[in-house]
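Report on the structure
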Amino acid sequence: MSPSPYRFANIQEIKYLNVEITTKCSLRCPMCPRTVFPEHVNLRHEMPLSFLKNLAVGPGLKKIYLCGANGEPTQHSRFHDVIRTLHQETDAQINFHTHGCFRTENWWAELLEIMRPTDHIIFSIDGLEDTNHLYRINSNWAQIERAARMAANKVLTTWKYIVFKHNEHQIEEAVSTARAWGFTWFSLKKSDRWNDAYRPEGAGDDWMIDLRPSTEFYSDSSIDPNVNYSIKNKFNSAGNFAL
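A brief structural summary. Worth saying up front: this structure is predicted, and the values here are computed from it rather than measured.

Below, the discussion takes up the pairing of strand β3 (residues 93-98). Burial analysis of β3 places six of its six residues in the buried class, which makes it a mostly covered element. On β3, burial covers both faces: Gln93, Asn95 and His97 on one face and Ile94, Phe96 and Thr98 on the other are all buried. In the sheet, strand β2 (residues 63-66) pairs with β3 via four bridges, with the strands oriented parallel. Paired with Lys63 across the bridge in β3 is Gln93. Note that the unit made of β2, helix α3 (residues 79-89) and β3 has a crossover that is right-handed. As paired strands, β3 and strand β4 (residues 120-124) are joined by four bridges and run parallel to one another. In the strand pairing of β4, His97 is matched with Ile122. The parallel pair β3 and β4, bridged by helix α4 (residues 105-114), forms a crossover whose chirality is right-handed.

In structure tokens form, the structure reads like this:
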């Protein structure tokens, strides 16, 4: 019998780990699995702290990601304790994605006291005040701004912006807003979940812009000059965002 081409990973050797801690989310994004296939998603599940305490990760772990495929991490009922537990179990950087809504100022203040300055919060904000809610249904702009400004003073932050037909004209203004709010990075993303209602005129590549004054802008990948992307004129020939 030939050996199997697959093997189980030794958790002691893992450097990057993603954990989905809950399937709860109060948004109704049209192409999220929770919206498209609600019958296949346990919409009220959350991971017990005991599981996190028993991860037994190794000293080589560099980053933990709390990026839900089905849920919003901050809607875990014991999210503060989740962060505390992970800090107790590992020195790895904690990264989590959030829509930035439905938590109070005091809740964010307590969380940011628990987090380390090197931890990283990625805010999923797909547009500005007049467009973000068109995809991020049920989102609240005032709550997003408050949370983002608070976080930017304490930890590393990224504004992750998915390009849609209804927001591609606002990219430059969003970058300026991200800089004004104190974000560390601005990330421009494409999505494989588009349909005709949301598809932008051109599906460009992913970009990352460093908003800190002492660093240069950079991109994750280049734009094909032979493709007529509607957003490509936002970038100069060196692959940098044209501000």
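Before going further, it helps to spend a moment on helix α7 (residues 171-181). Every buried residue belonging to α7 is among Ile171, Ala174, Val175, Thr177, Ala178 and Trp181, and all of these are buried. Down the axis of α7, the buried side of the element spans an arc of 165°, and every buried residue falls inside it. The elements touched by buried residues of α7 are α6 (141-152), β5 (156-162), β6 (185-189) and β7 (207-210).

The next point concerns the packing of α4 against α6. Relative orientation of the contacting elements α4 and α6 amounts to 25°, with a least axis distance of 10 Å. The pairing of α4 with α6 is recorded here as roughly parallel in orientation. The way α4 lies across α6 gives a crossing that is right-handed. Residues Glu105, Trp108, Ala109 and Leu112 of α4 form the contact with α6, whose own contacting residues are Arg146, Ala147, Met150 and Ala151. Class assignment of the residues belonging to the contact of α4 with α6 gives a composition of six nonpolar, no polar and two charged.

Counting residues in each nonpolar core, the largest one holds 50 residues, and the members touching the most others are Leu66, Trp108, Ile121, Phe123, Trp159, Phe183 and Phe186. Among the elements that make up this core, the one with the highest residue count is α6 (six residues). Setting aside residues no more than four positions away along its own chain, Phe186 makes contact with Trp159, Tyr161, Ile171, Ala174, Val175, Ala178, Trp207, Met208, Ile209 and Leu211. Grouped together as the second largest cluster of nonpolar side chains are eight residues, Leu27, Cys32, Ile162 and Phe164 included.

Strand order in the open sheet made by the seven strands is β1-β2-β3-β4-β5-β6-β7, with mixed pairing throughout. Two strands in the sheet have a free side with no partner beyond their single neighbour: β1 (16-18) and β7. Direction aside, the axes of adjacent strands within the sheet are offset by 20° on average. Note: β6 against β7, four bridges, orientation antiparallel. Pairing of Phe186 across the sheet is with Ile209, part of β7. Relative to β2, α3 is tilted by about 165°, and along the sheet it contacts β2 and β3.

By secondary structure assignment, the location of Thr131 is in the loop between β4 and α5 (132-135). Residue contacts for Thr131: discarding those within four places in its chain leaves Asp126, His166, Asn167 and Gln170.

What follows concerns the environment of Phe96. With respect to the helices and strands, the residue Phe96 is situated in strand β3. With relative accessibility at 0%, the residue Phe96 sits in the buried group. Leaving out residues up to four positions away in the same chain, Phe96 has contacts with Leu66, Thr74, Phe79, Trp108, Leu111, Met115, His120, Ile121 and Ile122.

Next up on the list: α4. By the burial criterion, the buried members of α4 are Trp107, Trp108, Leu111, Leu112 and Ile114. Angular distribution of buried residues about the axis of α4 spans 150°; they occupy a single face of the element. Away from its buried face by more than 90 degrees, α4 exposes Asn106 and Glu113.

About the cut-offs
Residues numbered from 1 in each chain as written. Predicted model: local features only at pLDDT ≥ 70, side-chain atom pairs only at ≥ 80, totals over all residues. Heavy atoms only, no water. Buried < 20%, exposed > 50% of the residue type's maximum accessible area, 1.4 Å probe, protein only. Helix = DSSP H or I, 4+ residues; strand = E, 2+ residues; numbered from the N terminus. Pairing = 2+ DSSP bridges. Right-handed = clockwise from strand over helix to strand, strands pointing away. Arc of directions from axis to C-beta. Contact = heavy atoms within 4.5 Å. Axes fitted to C-alpha atoms, helices over the stretch in contact; angles between N-to-C directions. Parallel < 35°, antiparallel > 145°, perpendicular 65-115°, else oblique. Left-handed = near helix turned anticlockwise from the far one by under 90°. Nonpolar A, V, L, I, M, F, W, Y, C, P; charged D, E, K, R; others polar. Core = buried A, V, L, I, M, F, W, Y, C linked by side-chain atoms within 4.5 Å.

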